[in-house]
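If you want the building blocks of each chain, they are given just below.
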Amino acid sequence: MTETGPSQMSGDQAFSSSAGKQLGLYALYTLVALSILLYLLSVAAGSTAGGLGSGAINVERNSITITLREEPPQLDASRTTDASSFVVLAHVMEGLIAYDVDNELVPGMAERWEIRADGATFWIREDAKWSDGQAVTAHDFEFAWQHVVDPATASEYSFILYPIKNAEAVNQGELPKEMLGVTALDARTLEVEFERPTPYFDKLVAFNTYFPIREEFYNGADGRYGSDADMMLYNGPYVISEWVHGASMLWRKNPYYWNDQKGFLDEIVTAYITQDVNAKLNLFKDGQIVDTHLIAPMLPEAMERRWQIDRFMDGTVFFLEFNHRDGRLTGNYHLRKAMQLAQDPAELVYKVLKEAAYLPAVSLFPIWIDGVDAKFRKEYPPAEHHLDLGKAREHLELARQELGLDEFPPIIFLTGDTPVSLLAAEYYQELYKQNLGLDIRIDVQIFKQRLAKMTSGEFDIVLAGWGPDYDDALTFGDLFASWNLNNRGRYVSEEMDAQIRIAQSELDPRLRMDAFGEIQRISYDDVIVIPMYERGWSFVVDPRLKGFRRRAVGPEVDYNYAYLDLSGN
Amino acid sequence: MWLYILKRLIQGVITVWFIATATFFAMHNVPGDPLLNDRAMTAAIRSNVEAKYGLDKHLTTQYVIYLSNLVRGDFGISFTQENREVNDIIREHFPVSAILGILAVMFAAAGGVLWGALTALYRNRMPDYIIMFLVILGISVPSFVVAALSQLALVNFNSFAGRTVLPVAGWGTIYHMIVPAMVLGLGTMAYLTRLMRSSMLEIISSDFVRTAKAKGLPPARIFTRHQLRNAILPVVTVLGPAIAAITTGGFVVELVFAIPGLGRYFVQAVQQLDYTVIMGTTVFYGAFLVFMVIVVDVIYGLIDPRVRLK
């Protein structure tokens with residue numbers, strides 16, 4: 001049909017214009033039909049998700065709208081392990097001890113406490129109430145803690161209760177749960193016995209796994225405790241009043257909460273579940289959420305818009321972890337030393353990763369860890385590190401001789417598949433090729449596969465990170481104990497183990513901190529790891545919201561002290 | 001015809017069983033397991049958790065247990081979403097994906113047929129060139145780019161309008177659905193436009209159309225009765241699989257627009273090696289796809305009198 005004569009052409013045109021009209025008519029029908037369909041579907045969707053979201057800040061209702069990273073799987077504090085649940089629980093529950101706005105420990109459900117070598121006593125405040133108005137009692141803690149270590153609960157965080165007497169034995173099913181060293185002496189006194197001296201126990205009880213559960217309510221929930229808004233009791237500044245799974249939550253001020261220095265907002269709406277930084281930025285720009293974090297490429301625009309950009313350290317330290325198992329190249333001290341001396345974390349952070357909120361790491365212990373009177377790193381400065389290629393090559397030569405090698409075989413460098421870790425891996429590959437002539441073979445694995453290889457030891461170097469569980473140097477300090485399962489490189493040293501034992505149990509704060517100083521020294525001298533960077537984030541908050549906190553320990557975002565200030569300052 | 005449907009359903013069940021079995025063994029052969037996490041578990045804690053999920057049993061025993069649960073419609077409990085049943089996850093989140101998917105397919109089908117017919121009608125003229133250029137764009141630009149760009153456009157549009165005309169992300173009202181559905185349906189619409197155009201061109205030059213013209217039938221009647229109706233058949237054929245593909249493949253759009261659909265759980269589960277959720281969603285999606293193909297075959301028989309179902 002490529003040949004078309006003039007007469008046929010005009011016939012064709014008449015046909016197509018007539019058919020075109022018909023088509024236009026159909027298009028109109030379709031549009032109407034689609035609109036009706038859209039309306040019907042939105043009615044159907046209305047029953048699966050609430051149409052919440054009334055802007056970032058609603059002054060009349062004294063409410064804010066935020067995002068959650070993920071849908072909390074469930075909110076039984078004894079079993080939660082994920083960051084998103086930690087955020088929700090931090091607003092609707094409270095432990096015996098809590099953190100104030102400046103990250104200092106302050107009384108929570110307990111009005112005072114005493115920690116001794118063999119145990120601890122907590123006195124519960126009189127006005128501690130559940131969200132149904134009943135008193136929070138010592139028995140609620142006793143029940144909750146027994147519940148955590150009960151093997152049937154299968155709590156993954158049960159280890160954090162192991163300092164309590166018999167906790168480990170109960171968790172292994174060797175003793176009944178009633179044998180756990182915790183007793184409610186009366187309604188308001190909780191007595192704890194220790195397995196070993198635990199001077200940092202006050203910091204532990206602020207953690208989610210130590211939150212209370214009321215026995216009679218738990219039993220009444222018939223195995224569904226924590227799975228829905230009405231399937232749990234609250235004792236924090238807010239209560240969950242609506243929970244549309246996978247979509248949104250509404251937290252309301254808890255009228256029975258004791259502390260008038262916390263929980264200033266009437267409502268917090270978690271209207272969006274997303275981790276996508278671009279989507280969050282767009283929501284923020286559109287005035288739908290009160291805060292969002294920013295990555296490096298977003299900073300120029302943020303500055304152009306004159307946003308107040310804040311930074312915070314999220315607590316995690318990233319490092320190159322060596323495989324110290326027998327038969328591995330990296331078991332050799334001189335090789336590790338050579339690799340340590342041939343790099344400088346400042347170059348990685350400032351010239352390669354270029355994330356404004358990252359900090360070059362100089363120690364296993366991050367910058368915010370507390371010492372006795374000041375910050376730990378101020379009291380115990382880490383070893384001064386300088387790039388020294390001459391010495392590095394000397395060590396490399398020693399390593400070659402000790403290992404009896406003519407040439408080094410390729411070194412297996414295990415890494416995850418995030419953009420940052422890939423960038424870092426390629427940087428080290430190039431760096432060690434140039435500076436030491438070493439061949440690095442990068443092994444990229446997705447999350448679970450990387451963990452599987454870390455556990456079985458199929459690597460020479462792994463790009464790893466560690467974040468804190470509680471606000472004490474020990475959360476980093478015991479990482480390379482020979483018995484710690486998170487010591488994936490299987491570093492074993494009697495000197496290290498001895499210092500960690502002191503750090504765990506020494507009651508004198510100065511002697512205990514000295515031990516951490518030693519741990520820091522050993523980890524540098526013996527090159528257990530090469531610290532890379534401390535992770536931080538840039539973020540922006542709606543200027544009308546004050547008192548918002550991001551934390552390294554505990555919830556990553558904290559609105560407990562947040563309030564609206566419309567004065568415009 | 002009923003016999004035919006029954007036969008196809010039995011075949012479908014066998015297909016689904018095959019999918020379930022293959023996924024089960026493939027998944028358990030991937031290195032790592034769902035219990036591995038940043039925090040290493042002590043042997044005691046691990047064995048508590050293993051017992052809870054039945055992972056302490058031999059693989060073939062697990063398979064038998066799994067199949068018998070599957071027959072009863074029980075997909076088990078998620079590993080990463082402790083305490084949530086996979087059935088609950090599917091029940092709560094599939095409707096969202098389905099609504100988004102249906103809307104996207106309707107959008108794609110309506111648009112595809114209309115644009116396709118239009119380009120065929122005006123072939124080798126300006127409307128044809130413009131639409132076909134857009135079609136190439138629609139096919140080749142990946143959905144995450146379109147999604148991100150359209151979201152950005154929404155932000156700018158809203159700030160230009162001075163109020164939130166259309167929400168940037170989220171789910172729940174009619175306004176939340178429009179843009180994500182259009183983005184999700186765009187690729188399929190482009191594909192259908194091309195399909196419709198070529199099948200339309202074939203029909204236009206066929207004998208019965210010429211006969212109809214020679215008989216002096218009014219153009220509108222020739223166009224609807226003889227051309228559109230015949231040309232639409234191939235589009236209907238691909239529509240079934242397209243519904244399944246769109247409904248299950250909305251992950252990127254769901255992520256960008258913060259929509260609580262099932263796609264997100266599916267991808268997360270694969271990354272986290274969440275055995276039960278992988279199995280649940282795969283079998284569910286597999287069954288859905290098989291079912292849609294059967295439905296299309298049956299509908300095809302109704303539309304095209306030449307096809308007889310036996």
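Residue numbers here run from 1 along each chain, matching the order of that chain's written sequence. To read the labels, note that chains go from A and ligands from 1, taken in the order they are written. The predicted nature of this model means local features are confined to residues of pLDDT at least 70 and side-chain atom pairs, given and counted, to a pLDDT of 80 or more, with totals for whole chains, interfaces and linings taken over all residues.

Undergrad: What should I look at first to understand the overall build of chain A in this one?
TA: Going along the chain from the N terminus, every DSSP run of H or I of four or more residues is numbered as a helix, and every run of E of two or more is numbered as a strand. Helices and strands together make up the secondary structure of chain A, namely 17 helices and 22 strands. In terms of principal-axis extent, the alpha carbons of chain A reach across some 100 × 70 × 50 Å. We call two residues in contact when the distance between their C-beta atoms, placed using the backbone, is within 7 Å. In chain A, the proportion of contacts linking residues at least 24 apart, taken out of those at least 6 apart, comes to 67%.

Undergrad: I tried to follow the overall build of chain B on my own but got confused; where do I start?
TA: Across its full length, chain B holds 13 helices and zero strands. When the helices and strands of chain B are listed from N to C terminus, the series reads α-α-α-α-α-α-α-α-α-α-α-α-α. With respect to the principal axes defined by its C-alpha atoms, chain B has extents near 85 × 60 × 30 Å. Partly exposed residues are those whose C-beta has more than 12 but fewer than 20 other C-beta atoms within 10 Å; with 20 or more the residue is buried, with 12 or fewer it is exposed, and the C-beta atoms are placed from the backbone. Looking at chain B as a whole, 42% of its 310 residues qualify as buried.

Undergrad: Quick question: what am I supposed to make of helix α3 (residues 138-149) of chain A here?
TA: Residues spaced three or four apart along an α-helix face the same direction, because each turn holds 3.6 residues. All names here are of chain A. How far a helix is expected to stretch is found by multiplying one less than its residue total by 1.5 Å. Counted at 1.5 Å a residue, the expected span for α3 with its twelve residues is 16 Å, and the 17 Å between its end C-alpha atoms agrees. Here α3 has its buried residues at Ala138, Asp140, Phe141, Glu142, Phe143, Ala144, Trp145, Gln146, His147, Val148 and Val149. For α3, the secondary structure elements touched by its buried residues are β6 (119-124), α4 (167-171), β7 (182-186), β8 (189-193) and α6 (215-220).

Undergrad: Even after reading the chapter, I still don't get the confidence of the model for chain A, so can you show me in this structure?
TA: Residue and element names in this part refer to chain A. With 96% of its residues at a pLDDT of 70 or more, chain A shows a mean pLDDT of 90. Ignoring residues within four places in sequence, the model shows residues 1-9, a span with pLDDT below 50, making three contacts including any to other chains. Looking at any residue, its pLDDT shows the predictor's confidence there, from 0 to 100. Considering only residues more than four positions removed or in separate chains, one finds that residues 47-52, a stretch of pLDDT under 50, has 21 contacts.

Undergrad: Honestly, the pairing of strand β13 (residues 309-322) of chain A in this entry has me stumped. Any pointers?
TA: On a regular strand, each side chain points to the face opposite its neighbour's, so the side chains alternate between the two faces of the sheet. Paired strands are those between which DSSP finds at least two bridges. Where β13 of chain A meets strand β18 (residues 529-541) of chain A, ten bridges bridge the pair, whose relative direction is antiparallel. Bridge pairing links glutamate 321 of chain A to valine 529 of chain A in β18 of chain A.

Undergrad: What am I meant to see in the environment of leucine 201 of chain B here?
TA: Residues and elements named next belong to chain B. Mapped onto the elements of the fold, leucine 201 is located in helix α7 (residues 174-204). With 81 residues separating them in the primary sequence, leucine 201 and alanine 120 have C-alpha atoms 5.8 Å apart. The contact partners of leucine 201, leaving out residues within four places of it in the chain, are Ala120 and Arg123.

Undergrad: Would you mind going over the nonpolar core with me for this structure?
TA: A general trend in soluble globular proteins is that nonpolar side chains are found buried together. When buried Ala, Val, Leu, Ile, Met, Phe, Trp, Tyr and Cys residues are joined through C-beta atoms within 7 Å, the set is termed a nonpolar core. Membership of the largest hydrophobic core comes to 169 residues, with the highest contact counts inside it found for Val92, Leu96 and Trp145 of chain A together with Leu100, Ala104 and Ala117 of chain B. When residues of this core are assigned to their parent elements, the largest contribution, 22 residues, is made by helix α4 (residues 86-121) of chain B. Each residue touching valine 92 of chain A, except ones within four places of it in the same chain, is listed here: Tyr234, Gly236, Tyr238, Val239, Ile240 and Trp251 of chain A.

Undergrad: Mind showing me how you'd approach the sheet that holds β8 of chain A here?
TA: Across a sheet, paired strands are connected by hydrogen bonds in the backbone, their directions being either parallel or antiparallel. All names here are of chain A. One open sheet holds the four strands; their spatial order is β5-β6-β8-β7, and the pairing between them is antiparallel. The sheet terminates laterally at β5 (110-115) and β7, the two strands that pair on one side only. Neighbour-to-neighbour, the strand axes of this sheet turn through a mean angle of 20°, independent of strand direction. Where β6 and β8 come together, five bridges link them in antiparallel fashion. Axis lines are fitted through C-alpha atoms, for helices just across the contact stretch, and the angle between N-to-C directions can take any value from 0 to 180 degrees.

Undergrad: Honestly, the interface of chain A and chain B in this entry has me stumped. Any pointers?
TA: How big an interface is tends to be expressed through the accessible area that disappears when the partners come together. Listed per partner, the contact involves 60 residues of chain A and 59 residues of chain B. For the side of chain A that touches chain B, the secondary-structure elements that each account for two or more residues are α1 (6-46), β11 (267-273), α7 (277-285) and α14 (447-456) of chain A. Here the side of chain A that touches chain B takes 19 residues from α1 of chain A, the largest share from any one element. Among the residues forming the side of chain A that touches chain B, the class breakdown is 29 nonpolar, 25 polar and six charged. Classes in brief: Ala, Val, Leu, Ile, Met, Phe, Trp, Tyr, Cys and Pro nonpolar; Asp, Glu, Lys and Arg charged; the others, Gly included, polar.

Undergrad: It is not clear to me how unusual backbone geometry should be interpreted in this structure. Could you clarify?
TA: Trans is the common state for peptide bonds, and a negative phi is the common state for residues other than glycine. Positive phi outside glycine occurs at aspartate 222 of chain A, with the angle close to 55°. By secondary structure assignment, the location of aspartate 222 of chain A is in the loop between α6 and β9 (238-244). Overall, the presence of 8 C-beta atoms within 10 Å leaves aspartate 222 of chain A in the exposed class. For alanine 258 of chain B, which is not glycine, the phi dihedral falls at a positive 50°.

Undergrad: Any chance you could explain the packing of α4 of chain B against helix α13 (residues 275-303) of chain B here in plain terms?
TA: A packed helix pair is summarised by two numbers, namely the angle formed by the two axes and the spacing between the axes. Residues and elements named next belong to chain B. Remark: α4 packs on α13, axes separated minimally by 9 Å, with the N-to-C direction vectors making an angle of 50°. In terms of orientation, α4 lies oblique with respect to α13. Seen from above, α4 lies across α13 with right-handed handedness. In this structure, α4 uses Val86, Ile89 and Ile90 to contact α13, whose residues at the interface are Thr276, Val277, Gly280, Thr281 and Phe284. Class assignment of the residues belonging to the contact of α4 with α13 gives a composition of five nonpolar, three polar and no charged. Under this scheme an angle from 65 to 115 degrees is roughly perpendicular, one under 35 degrees roughly parallel, and one over 145 degrees roughly antiparallel; angles in between are oblique. Here a crossing is called left-handed whenever its near helix is offset anticlockwise from the far helix by less than a right angle, and right-handed whenever the offset is clockwise.

Undergrad: I keep staring at the environment of leucine 137 of chain B and nothing clicks. Help me out?
TA: Residue and element names in this part refer to chain B. Relative to the helices and strands, leucine 137 resides in helix α5 (residues 126-140). Taking the number of C-beta atoms within 10 Å as the measure of exposure, leucine 137 has 12 and is therefore exposed. For the pair formed by leucine 137 and leucine 186, sequence separation is 49 residues and the distance between their alpha carbons is 9.9 Å.

Undergrad: Explain the packing of α4 of chain B against helix α12 (residues 262-272) of chain B to me, please; I cannot follow it from the model alone.
TA: Residue and element names in this part refer to chain B. The N-to-C vectors of α4 and α12 enclose an angle of 125°; their axes lie 7 Å apart at closest approach. When the axis of α4 is compared with that of α12, the two are oblique. Within the contact between the two elements, α4 uses Ile89, Ile90, His93, Phe94 and Ser97 and α12 uses Leu262, Gly263 and Tyr265. Split into classes, the residues belonging to the contact of α4 with α12 amount to five nonpolar, three polar and no charged.

Undergrad: Teacher, can you tell me more about the pairing of β18 of chain A here?
TA: Residue and element names in this part refer to chain A. Most of β18 sits out of view: ten of its 13 residues are buried. By the bridge criterion, four bridges tie strand β12 (residues 291-294) to β18 in an arrangement that is antiparallel. Each residue of the ladder has a partner; that of threonine 292, found in β18, is valine 540. Examined bridge by bridge, strand β14 (residues 359-360) and β18 share two bridges and lie antiparallel to one another. Paired with proline 360 across the bridge in β18 is tyrosine 533.

Undergrad: In this structure, what is going on with the sheet that holds strand β10 (residues 248-253) of chain A? I would like to understand it.
TA: Residue and element names in this part refer to chain A. The five strands lie next to each other as β1-β2-β11-β10-β9, forming an open sheet whose pairing is mixed. Edge positions in the sheet fall to β1 (57-58) and β9, since each has one partner strand and no second. Contacting β2 (63-68), β9 and β10, helix α2 (residues 83-92) crosses the sheet at an angle of about 135° to β9.

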